[in-house]
Amino acid sequence: MAGLTLPASRRLGSALQALIPVTVQSRGFQTYSLPELAYDYGALEPYISGEIMELHHSKHHKTYITNFNAALEKLHDAKDPQSIVALQSALNFNGGGHINHSIFWKNLAPKNQGGGEGPQGPLASAISTQFGSVEKLITKMNSSGAAVQGSGWVELKHLVVETTANQDPLTNKGLIPLLGIDVWEHAYYLQYKNVRPDYLKNIWNVINWKDVSSRYEEAL
Amino acid sequence: MSKQTLEFHWGKHHRAYVDNLNKQIKGTELEGLQLGDLVKHAYNNGNPTAYFNNAGQAWNHDFFWESLKPGGGKKPTGEVLHLIERDFGSFEAFADEFKQAAATQFGSGWAWLVGIPAGSHGEDKFGKLAIEKTKDAVNPLVLGHYPLLTIDVWEHAYYLDYQNRRPDYISTFIDELISWEAVTARLEQAKATINFYDVKMSSI
């Protein structure tokens, strides 16, 4: 295992590290646990249903963490390069899923906690310079998000709109994630069915711009 | 598989792939092609064109609906069962491997039972059955393999009925929904181009 940097959280910014609850096993490697949401499952209605939020957090995200921990345990026990390399896709997929969703929950807030209230301060000026206006940014993110084939994410990464496939972590492209929107079908299907564009239009009502701003300022 | 799922899956998702594909190829020389040929053409040897997703998904969904039937599932009989037992060891081993492939296709995609022509794997002197998984709109046609059965594991295929419980959906597919008649008919067609048996034996 010489040369491997583990756990993954060491390579992320300290703000992100603070978000991800960890446990140190007695055998000396970290495992991860499901972060709590700062709001109830139903708090984002009517834009995202409580049913979706509960499934998405307590089942999908939890499963990524369970499988990530299992892969980390196998990595800890691996004795040869072949075994280590064989774990790459499980680590990328499940670790990425954990990272992406941890950010996503913080990117959302109910209306009574500031959800949907537009960006202020340095982020607002930067968006204005880069995109012209918040509305233009939203239009760009929504068209990119609608165009993702299959499963993935649309993100605002340090003032560039990017998409990633499956659970590829936002950090894989060497950019700092500010805001991510999950466009996997599980993120919207029970409520919006096949009409992904309606989900993308409505989610802006519960975007936590304060969180996006603080990530932006941290990254400056 | 609920009525609601089929209404959305066939009536919205599949329909959109077909409508959008038609728009993309309208007025081009591609309009006259059979869908299977269009898919291979669009795949462009691994550098897919803009209409590959719609073409692939249109083909995949046609194939998927034909792979299902009410009151299906259980075990195949006849030559399909014989080849499954020959190439997987037992029907149970086939079912386990198929479930595993379908459950571990990360993100969107499909799992397949295919016929692979002789010689594809070097030392093989005759064709055999195999299980494959593909992502998004990809299908075995582009690999030169012969599809016999598929399961759609995009989330829209099961989310209304099973939510995150993909393995339960896969088990129901195997136990209750597979049309082995369709698989048998496809195997017959596959034999026109794939020799599944030792040449000496099949000439008796």
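For clarity, every value in this text was computed on a predicted model and none was experimentally measured. (Residues numbered from 1 in each chain as written. Chains lettered and ligands numbered in written order. Predicted model: local features only at pLDDT ≥ 70, side-chain atom pairs only at ≥ 80, totals over all residues. Heavy atoms only, no water.)

### Considering the overall build of chain B
Okay, so step 1: Of regular secondary structure, chain B possesses nine helices and three strands.
Okay, so step 2: Secondary structure elements of chain B, listed N to C terminal, follow the sequence α-α-α-α-α-β-β-β-α-α-α-α.
Okay, so step 3: What you see for chain B is a C-alpha radius of gyration of 17 Å, in line with the 17 Å of a compact globule of 204 residues.
Okay, so step 4: Its C-alpha atoms give chain B principal-axis dimensions of roughly 50 × 40 × 25 Å.
Okay, so step 5: For chain B, with 204 residues in total, the buried portion stands at 50%.
Okay, so step 6: For chain B, the accessible area works out to roughly 9,700 Å², and carbon and sulfur atoms hold 52% of it.
Okay, so step 7: One way to put it: in chain B the 20 positive side-chain charges average out to a point 2 Å from where the 26 negative ones average out. (Helix = DSSP H or I, 4+ residues; strand = E, 2+ residues; numbered from the N terminus. Rg over C-alpha atoms; globule rule 2.2 N^0.38 Å. Buried < 20%, exposed > 50% of the residue type's maximum accessible area, 1.4 Å probe, protein only. Areas by Shrake-Rupley, 256 points an atom, 1.4 Å probe, with all protein chains shown as cover. Lys, Arg positive; Asp, Glu negative; His and termini not counted. Charge placed at Lys NZ, Arg CZ, Asp CG, Glu CD.)

### A few points about the side chain of A:Asn94
Okay, so step 1: Tracing the chain through its elements places A:Asn94 in helix H4 (residues 88-107).
Okay, so step 2: Those residues in contact with A:Asn94 that lie beyond four places of it in its chain are A:Tyr64, A:Asn67 and A:Phe68. (Contact = heavy atoms within 4.5 Å.)

### Topic: the interface of chain B and chain A
Okay, so step 1: Taken together, the contacts link 16 residues of chain B with 17 residues of chain A.
Okay, so step 2: Summing both partners gives a buried area of about 1,700 Å² for chain B against chain A, and 60% of it is carried by carbon and sulfur.
Okay, so step 3: When the area that chain B buries against chain A is broken down by residue, the three leading residues are B:Phe106, B:Glu155 and B:Tyr159, summing to 36%.
Okay, so step 4: The interface formed by chain B and chain A includes zero salt bridges. (Buried area = accessible area lost by both parts, 1.4 Å probe. Salt bridge = Lys/Arg side-chain N within 4 Å of Asp/Glu carboxyl O.)

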